[in-house]
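Listed below, chain by chain, are the residues.
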Amino acid sequence: MQLDAKVPGGILAEKWDRHRFDLGLISPANRKKFDIIVVGTGLAGSSASATLAELGYNVKAFCLQDSPRRAHSIAAQGGINAAKNYANDGDSIWRLFYDTIKGGDFRSREANVYRLAQLSNNIIDHCVAQGIPFARDYGGLLANRSFGGAQVSRTFYARGQTGQQLLVGAFSALMRQVAAGKVTLFSRREMMELVVINGQARGIVARNMITGEIETHAADAVILATGGYGNVFFLSTNAMTSNVTAILRAYKKGAFFTNPCFIQIHPTCIPVHGTYQSKLTLMSESLRNDGRVWVPRNSGDTRSPHQIPESDRDYFLENKYPAFGNLVPRDVASRNAKEQCDMGKGVGETGLAVYLDFEDAIKRDGKEEISKKYGNLFQMYEKITGDNPYETPMMIYPAVHYTMGGLWVDYNLMTTVPGLFAIGEANFSDHGANRLGASALMQGLADGYFIIPYTIGEYFAGTGLNKITDEHPAFKAAVQEVNSRINKLLSIKGTRTVDDFHRELGRVLWEYCGMARNEKGLLKAQKLIQQLREEFWKNVIVPGSERDFNQSLEKAGRVADYLEFGELMIVDALARRESCGCHFNEAYQTEENEAKRDDENFCHVAAWEYAGDGINPLFHKEKLIFENVELTQRSYR
Amino acid sequence: MTKTINLKLKVWRQKDSDDKGGFKTYYSRDISTDMSFLEMIDVINEQLTLNGEDPIAFDHDCREGICGMCGAMVNGRAHGPEKGTTLCQLHMRHFSDEDTIVVEPWRARAFNIIKDLVADRSALDKIIQAGGYISVNTGGAPDANTILISRDTSEKAFDGAACIGCGACVAACPNASAMLFVGAKVSHLALLPQGKPEAARRVMAMVREMDRLCFGNCTNEAECEAVCPKEISITNIARLNREFLKAGFFSSTK
Ligand SMILES: Cc1cc2nc3c(=O)[nH]c(=O)nc-3n(C[C@H](O)[C@H](O)[C@H](O)COP(=O)(O)OP(=O)(O)OC[C@H]3O[C@@H](n4cnc5c(N)ncnc54)[C@H](O)[C@@H]3O)c2cc1C
Ligand code: SF4
Ligand code: FES
């Protein structure tokens with residue numbers, strides 16, 4: 001199958017405008033004839049559901065939590081980018097576009113990224129109209145700050161709770177449509193299967209997480225906004241229920257999975273402390289605006305940070321990258337922290353940490369100013385570690401954070417299954433091999449508020465859709481699949497818990513498919529994962545019953561999918577015989593130990609097609625064509 | 001410094017909303033004081049699972065104090081003993097060796113118990129549906145900087161907007177009132193110029209819905225403020241009352 005991204009022709013800056021003109025329309029009176037399922041109520045899902053309902057479509061919205069407001073977007077801290085140039089520092093749509101493409105190490109689609117940069121400004125306007133309390137200057141105008149990978153201040157923020165405020169905005173819009181009767185809400189529901197009829201996505205099978213009932217829902221289109229799969233590593237900054245299940249099910253029903261090995265490892269997280277640790281906590285990247293990253297100059301220096309004089313400190317990012325300093329992109333910052341720790345210069349009990357020091361910033365701006373900017377982050381740090389960052393430097397270490405990979409989508413955000421769309425972190429679209437800070441919120445909201453509401457109309461206008469109900473045999477078959485998987489999980493009654501398997505899977509992936517990769521390690525990981533998966537299906541223990549509120553069963557299903565998906569990540573990492581952005585294959589590096597791309601052979605996105613259980617997935621590639629930017633070696637020095 | 005402690009837990013166990021439920025005692029040994037409260041329950045649950053028993057059901061997701069999913073009464077206090085802290089951010093260093101800890105779900109007339117420590121808080125969403133929004137459709141918004149808002153106003157609005165909808169205020173209130181939750185939302189929107197056009201309609205609708213859903217009245221006990229993990233102040237309740245009176249007097253929205 002030839003992948004057609006449906007990127008419109010013409011000048012880059014005019015593509016989206018022209019495309020909107022060319023898109024088929026559904027008249028307001030006819031929209032109520034279409035039912036749309038939206039799975040997920042994060043920024044992408046809530047914004048899409050609300051906007052589609054405002055337009056007049058019938059929406060059914062699904063989420064795992066008890067309320068849509070608790071989707072994982074709520075946890076985003078640092079901010080959201082927009083090309084407003086309010087700071088008058090030379091920003092523009094073009095610069096945001098270029099920074100994002102370059103930050104992604106030239107592995108994303110030009111036209112998509114440009115559109116994202118264009119829409120960034122509309123997002124801020126809309127969010128302010130919704131009442132989102134962004135930070136402001138004394139004159140009453142909106143304030144901005146800078147973020148990694150950029151030399152301008154373009155990040156809008158709401159204390160350290162930007163995601164929360166944006167999501168509460170989108171959630172409120174969604175609630176308004178629920179009250180208006182245009183959205184039906186299904187919370188505490190888990191999508192278990194996608195239903196495809198005549199090659200078109202026509203519904204889902206979901207499990208009611210309170211009663212355990214298996215439900216069927218038919219529709220004219222299905223939108224997946226189910227977030228990222230970082231939890232495949234067990235420990236990550238993601239929420240506990242973040243999962244790959246929904247998009248893996250779609251993959252197995254024909255949607256291609258793109259760049260699964262592109263995992264963002266965030267440089268500033270609270271280090272791991274013990275075996276029972278259940279998650280890692282992010283300390284927003286915005287901290288790198290004022291915090292200075294350092295380690296002792298000499299390995300084995302165990303003095304407390306205060307006793308280490310300036311001359312014995314190595315501010316390794318500032319020294320190595322004078323132009324960007326502490327604000328280099330995430331992949332670069334993470335790799336350098338790891339490198340320092342590998343040299344034995346790491347700090348803390350485990351030696352797997354570096355300092356992030358605010359002493360100079362506090363001296364310069366005063367404690368009050370620093371506390372205004374980062375107060376809640378400092379508080380959170382103290383709660384978790386018991387240390388006070390106003391007095392001792394924070395300790396940080398990289399952790400799995402974001403997944404650039406996801407379902408393949410075309411310019412209309414449609415997957416390879418007609419009628420199945422993917423938005424937000426669940427698709428692969430805009431971040432290439434590394435996402436810049438403050439751009440996921442932007443992408444989720446651009447997809448949901450401003451893209452899908454138009455492009456879905458094109459699908460409806462150009463497609464013959466028979467009336468279908470959930471009486472169709474395809475639904476019955478899907479329900480059967482779901483039930484048999486659940487029964488299997490409950491019947492094994494082995495001796496190892498789900499968490500135990502998950503933890504081990506995470507360890508294998510972190511070791512061999514994490515910040516640095518090599519062929520030998522990847523091949524080893526592949527074997528280990530296969531063995532683990534085999535053992536899982538023989539020896540897992542899942543207590544309780546199916547028709548019940550059963551959190552163990554929920555987890556078991558997700559981990560089963562992670563075990564299957566882990567292998568796909570490895571296959572993808574093996575196939576990409578270059579380094580780019582987050583994907584650092586040790587065999588391909590520059591003399592300065594930076595990721596070395598191979599544009600001749602790998603300037604593409606890798607799209608994997610499911611070929612059956614135990615069979616290698618089929619490889620497809622979408623060649624990336626750059627007409628407007630020149631591919632350069634990224635340099636932040 | 002990390003150390004380990006041994007604990008006795010009395011945990012509310014209830015099969016489903018029809019079950020009567022009751023306390024069960026568990027012993028939790030060698031708990032690292034660096035663990036969070038929920039990680040401590042994870043450890044108990046691993047053991048229960050291996051023993052073939054039903055693990056303790058509890059709501060949680062972000063585990064960093066922002067999603068509002070977690071929450072339980074710990075020794076009679078919503079979210080436990082630490083001020084301004086959600087249950088997931090409560091760490092075991094605040095407990096001592098050989099402590100007995102009593103853990104119960106949120107209890108309120110408007111919240112049903114689903115299982116063990118899991119309560120149904122969907123009534124809070126219904127209150128938002130009644131009017132906790134600014135009615136703007138996507139598209140059509142003017143440039144963001146055309147609306148000037150003083151830093152002070154914006155910060156005050158934020159103090160209300162910081163609510164995570166956890167329901168601790170309701171659980172802690174002797175009347176099971178939702179006034180702090182509603183006050184926080186009404187304040188957030190009423191303080192901002194964007195929220196003013198609908199202010200009267202909003203407050204009337206939200207208060208009416210709150211009453212309909214059987215939340216209690218506020219008698220100024222201030223228990224809500226004491227347990228709120230986001231330290232939302234009861235001045236928001238005072239503002240809610242003012243807005244309500246104002247709406248009653250001056251508007252045609254009754
Ligand atoms: C700690 C943290 C901080 C971050 N900070 C920033 C930041 O400052 N700036 C920035 O731009 N980005 C940030 N990000 C990234 C950003 O928050 C996410 O990429 C983005 O919010 C994802 O939004 P989403 O709508 O795609 O998915 P999510 O918000 O993850 O929502 C997923 C939704 O899908 C539902 N769901 C999932 N699976 C199923 C299923 N099988 N059935 C039913 N429902 C399902 C969930 O219930 C949920 O409603 C941060 C991420 C983390 C983890
Ligand atoms: S007001 Fe406080 S206690 Fe009540 S729901 Fe909001 S955050 Fe929770
Ligand atoms: S789990 Fe999210 S606030 Fe506690």
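None of these values were measured; they are calculated from a predicted model.

Side note on the overall build of chain B
Part 1 of the reasoning: Looking only at helices and strands, chain B has 8 helices and 7 strands in total.
Part 2 of the reasoning: For chain B, the spread of C-alpha atoms along the three principal axes comes to 60 × 40 × 35 Å.
Part 3 of the reasoning: Per-residue burial for chain B yields a buried fraction of 60% across its 254 residues.
Part 4 of the reasoning: Once local pairs closer than 6 in sequence are excluded, the contacts in chain B between residues at least 24 apart make up 69%.
Part 5 of the reasoning: Taken together, the 30 basic and 33 acidic charged side chains of chain B have centroids lying 6 Å from each other.

Here's the deal with the packing of aromatic side chains
Part 1 of the reasoning: Tallying each qualifying case throughout the model produces 33 aromatic pairs over all chains.
Part 2 of the reasoning: A ring pair is formed by A:Phe378 and A:Tyr390, whose centres lie 4.7 Å apart and whose planes are at 55°; its orientation type is tilted. Within this pair, whereas A:Phe378 is found in helix 11 (residues 367–385), its partner A:Tyr390 is found in the loop between helix 11 and strand 15 (394–403), the two being separated by 12 residues in sequence.
Part 3 of the reasoning: Residue classification places A:Tyr390 among the partly exposed residues on the basis of a relative accessible area of 22%.
Part 4 of the reasoning: For the pair B:Phe37 and B:Phe95, a centre-to-centre distance of 5.9 Å together with 40° between the ring planes defines the contact as tilted. Of the two residues, B:Phe37 sits in helix 1 (residues 37–50) while B:Phe95 sits in the loop between strand 4 (77–78) and strand 5 (100–104), which places them 58 residues apart along the sequence. Pair check on accessibility: B:Phe37 and B:Phe95 agree, each one buried.
Part 5 of the reasoning: Among the aromatic residues, those joined into a ring-pair cluster are A:Phe34, A:Tyr57, A:Phe421, A:Tyr459 and A:Phe460.
Part 6 of the reasoning: Directly above the aromatic system of A:Tyr402 lies the positively charged group of A:Arg435, at a separation of 4.1 Å from the ring centroid.

Some words on the site of ligand 2
Residue and element names in this part refer to chain B.
Part 1 of the reasoning: Around ligand 2, the structure places Cys-163, Ile-164, Gly-165, Cys-166, Gly-167, Ala-168, Cys-169, Leu-180, Phe-181, Cys-228 and Pro-229.
Part 2 of the reasoning: Within the residue set of the shell around ligand 2, elements represented by two or more residues are helix 4 (168–172) and helix 5 (179–191).
Part 3 of the reasoning: For the shell around ligand 2, the class distribution of residues is 9 nonpolar, 2 polar and no charged.

Here we look at unusual backbone geometry
Residues and elements named next belong to chain A.
Part 1 of the reasoning: Phi is positive for Arg-188, which is not a glycine, with a value near 50°.
Part 2 of the reasoning: In this fold, Arg-188 is placed in the loop between strand 5 (183–186) and strand 6 (189–197).
Part 3 of the reasoning: Classification of Arg-188 as buried rests on a relative accessible area of 5%.

Considerations on the interface of chain A and chain B
In many analyses, interface size is given as the accessible surface area lost on bringing the parts together.
Part 1 of the reasoning: Taken together, the contact pairs 77 residues of chain A with 75 residues of chain B.
Part 2 of the reasoning: Summed over both partners, the interface of chain A with chain B buries about 6,400 Å², with 52% contributed by carbon and sulfur atoms.
Part 3 of the reasoning: Our count for the contact surface shared by chain A and chain B stands at 7 salt bridges.
Part 4 of the reasoning: The salt bridge involving A:Arg159 is made with B:Glu155; its shortest N-O contact spans 3.0 Å.
Part 5 of the reasoning: Counting the contacts that link chain A with chain B gives 45 residue pairs in polar contact (both at pLDDT 80 or more).
Part 6 of the reasoning: Secondary structure elements with two or more residues in the side of chain A that touches chain B: helix 3 (43–55), helix 5 (110–129), helix 6 (162–179), helix 11, helix 12 (440–461), helix 14 (498–512) and helix 16 (551–575) of chain A.
Part 7 of the reasoning: Per element, the largest residue contribution to the side of chain A that touches chain B is 9 residues, and it comes from helix 6 of chain A.
Part 8 of the reasoning: Considered class by class, the residues forming the side of chain A that touches chain B number 31 nonpolar, 27 polar and 19 charged.

Here we look at the site of ligand 1
Part 1 of the reasoning: Taken together, 38 residues form the shell around ligand 1, and within it A:Gln65, A:His72, A:Ser73, A:Met191 and A:Glu425 come nearest.
Part 2 of the reasoning: Close to ligand 1, residues of chains A and B are found.
Part 3 of the reasoning: Residue A:Leu43 places a main-chain N or O atom 3.1 Å away from an oxygen atom belonging to ligand 1.
Part 4 of the reasoning: One of the backbone nitrogen or oxygen atoms of A:Leu441 is found 2.8 Å away from an oxygen atom of ligand 1.
Part 5 of the reasoning: Compared with its free state, where it exposes 1,000 Å², ligand 1 has 97% of that area covered by protein.
Part 6 of the reasoning: Within the residue set of the shell around ligand 1, elements represented by two or more residues are helix 3, strand 6, strand 15 and helix 12 of chain A.
Part 7 of the reasoning: Ranked by residues supplied to the shell around ligand 1, first place goes to strand 6 of chain A with 3 residues.
Part 8 of the reasoning: Split by residue class, the shell around ligand 1 holds 16 nonpolar, 17 polar and 5 charged.

Considering the sheet that holds strand 13 (residues 313–314) of chain A
Residue and element names in this part refer to chain A.
Part 1 of the reasoning: In space, the 5 strands of this open sheet follow the order 11-15-14-12-13, with antiparallel pairing throughout. Each edge of the sheet is formed by a strand with only one pairing partner; in this case those strands are strand 11 (263–269) and strand 13.
Part 2 of the reasoning: Sheet topology places strand 14 (residues 354–357) next to strand 15; 3 bridges connect them, and they run antiparallel. Looking across to strand 15, one finds that Tyr-355 is bridged to Met-395.
Part 3 of the reasoning: With respect to the sheet, helix 9 (residues 330–342) is in contact with strand 11, strand 12 (292–296), strand 13, strand 14 and strand 15, its orientation differing from that of strand 11 by roughly 65°.

Here we look at the packing of helix 3 (residues 151–161) of chain B against helix 5 of chain B
Residue and element names in this part refer to chain B.
Part 1 of the reasoning: In contact at an axis separation of 7 Å, helix 3 and helix 5 are set at 155° when each is read in the N-to-C sense. Here helix 5 runs roughly antiparallel to helix 3, going by the angle between their axes. Classified by chirality, the crossing of helix 5 by helix 3 is left-handed. In this structure, helix 3 uses Thr-153, Lys-156, Ala-157, Gly-160 and Ala-161 to contact helix 5, whose residues at the interface are Ala-184, His-188 and Leu-191.
Part 2 of the reasoning: Within the contact of helix 3 with helix 5, the residues separate by chemical class into 4 nonpolar, 3 polar and 1 charged.

Let's talk about the nonpolar core
Part 1 of the reasoning: Grouped together as the largest cluster of nonpolar side chains are 242 residues, with contacts concentrated most on A:Ile80, A:Phe134 and B:Phe215.
Part 2 of the reasoning: By residue number, the principal contributor to this core is helix 16 of chain A, which donates 13 residues.
Part 3 of the reasoning: With residues near it in sequence (within four places) discarded, A:Ile80 still touches A:Ile123, A:Ile124, A:Phe134, A:Arg154, A:Thr155, A:Phe156, A:Thr162, A:Leu166, A:Ala438, A:Leu441, A:Met442 and A:Leu445.
Part 4 of the reasoning: Ranked by size, the runner-up nonpolar core spans 28 residues in total, among them B:Leu9, B:Ile56, B:Met92 and B:Phe95.

Examining the side chain of A:Glu554
Residue and element names in this part refer to chain A.
Part 1 of the reasoning: Following the sequence through the fold, Glu-554 ends up in helix 16.
Part 2 of the reasoning: Residue Glu-554 is classed as buried on the basis of its relative accessible area, which comes to 9%.
Part 3 of the reasoning: Ignoring anything within four residues of it in the chain, the contact list for Glu-554 reads Glu-190, Arg-207 and Met-209.

A word on helix 12 of chain A
All names here are of chain A.
Part 1 of the reasoning: For helix 12, which comprises 22 residues, the first-to-last C-alpha distance of 30 Å matches the rise-based estimate of 32 Å (1.5 Å per residue) to within 8%.
Part 2 of the reasoning: In helix 12, a bend of some 55° at Ile-451 exceeds every other bend along the element, and Pro-453, a proline, comes one to four places later.
Part 3 of the reasoning: Buried residues dominate helix 12, accounting for 19 of its 22 residues.

Concerning the domain arrangement of chain A
All names here are of chain A.
Part 1 of the reasoning: On domain assignment, one finds that chain A holds domain 1 (266–399) and domain 2 (473–597).
Part 2 of the reasoning: Contact residues are listed per partner, giving 13 residues for domain 1 and 11 residues for domain 2.
Part 3 of the reasoning: Interface area lost by domain 1 to domain 2 is led by Asp-331, Arg-335 and Lys-338, which between them contribute 49%.
Part 4 of the reasoning: Summed over the shared surface of domain 1 and domain 2, the result is 0 salt bridges.
Part 5 of the reasoning: Linking domain 1 with domain 2 are 2 residue pairs in polar contact (both at pLDDT 80 or more).
Part 6 of the reasoning: Elements represented by at least two residues in the side of domain 1 that touches domain 2 include exactly helix 9 and strand 15.

Comments concerning the domain arrangement of chain B
All names here are of chain B.
Part 1 of the reasoning: Under the domain assignment, chain B is made up of domain 1 (4–104) and domain 2 (122–250).
Part 2 of the reasoning: Between domain 1 and domain 2, the C-alpha centre-to-centre distance is 30 Å.
Part 3 of the reasoning: With 13 residues of domain 1 at the interface, the matching set in domain 2 holds 12 residues.
Part 4 of the reasoning: Between domain 1 and domain 2, a total of about 880 Å² is buried, with carbon and sulfur atoms accounting for 56% of that surface.
Part 5 of the reasoning: If you sort the residues of domain 1 by the area they bury against domain 2, Ala-78, His-79 and Gly-84 come out on top, with a joint share of 38%.
Part 6 of the reasoning: Summed over the shared surface of domain 1 and domain 2, the number is 1 salt bridge.
Part 7 of the reasoning: Across the pair Glu-231 and Lys-83 runs a salt bridge whose closest N-O atoms are separated by 3.5 Å.
Part 8 of the reasoning: Partitioned by chemical class, the residues of the side of domain 1 that touches domain 2 number 5 nonpolar, 6 polar and 2 charged.

The rules behind these values
- Residues numbered from 1 in each chain as written.
- Chains lettered and ligands numbered in written order.
- Predicted model: local features only at pLDDT ≥ 70, side-chain atom pairs only at ≥ 80, totals over all residues.
- Heavy atoms only, no water.
- Helix = DSSP H or I, 4+ residues; strand = E, 2+ residues; numbered from the N terminus.
- Buried < 20%, exposed > 50% of the residue type's maximum accessible area, 1.4 Å probe, protein only.
- Contact = heavy atoms within 4.5 Å.
- Lys, Arg positive; Asp, Glu negative; His and termini not counted.
- Charge placed at Lys NZ, Arg CZ, Asp CG, Glu CD.
- Phe/Tyr/Trp six-rings, centres within 6.5 Å; stacked < 30°, edge-to-face > 60°.
- Lys NZ or Arg CZ within 6 Å of the ring centre and 35° of its normal.
- Near = heavy atom within 4 Å.
- Nonpolar A, V, L, I, M, F, W, Y, C, P; charged D, E, K, R; others polar.
- Buried area = accessible area lost by both parts, 1.4 Å probe.
- Salt bridge = Lys/Arg side-chain N within 4 Å of Asp/Glu carboxyl O.
- Polar contact = N/O pair within 3.5 Å; in protein donor to acceptor, adjacent residues only side chain to side chain.
- Areas by Shrake-Rupley, 256 points an atom, 1.4 Å probe, with all protein chains shown as cover.
- Pairing = 2+ DSSP bridges.
- Axes fitted to C-alpha atoms, helices over the stretch in contact; angles between N-to-C directions.
- Parallel < 35°, antiparallel > 145°, perpendicular 65-115°, else oblique.
- Left-handed = near helix turned anticlockwise from the far one by under 90°.
- Core = buried A, V, L, I, M, F, W, Y, C linked by side-chain atoms within 4.5 Å.
- Expected span 1.5 Å × (residues − 1).
- Bend = angle between axes of the 7 residues up to and from the residue.
- Domains from an automatic or database assignment.

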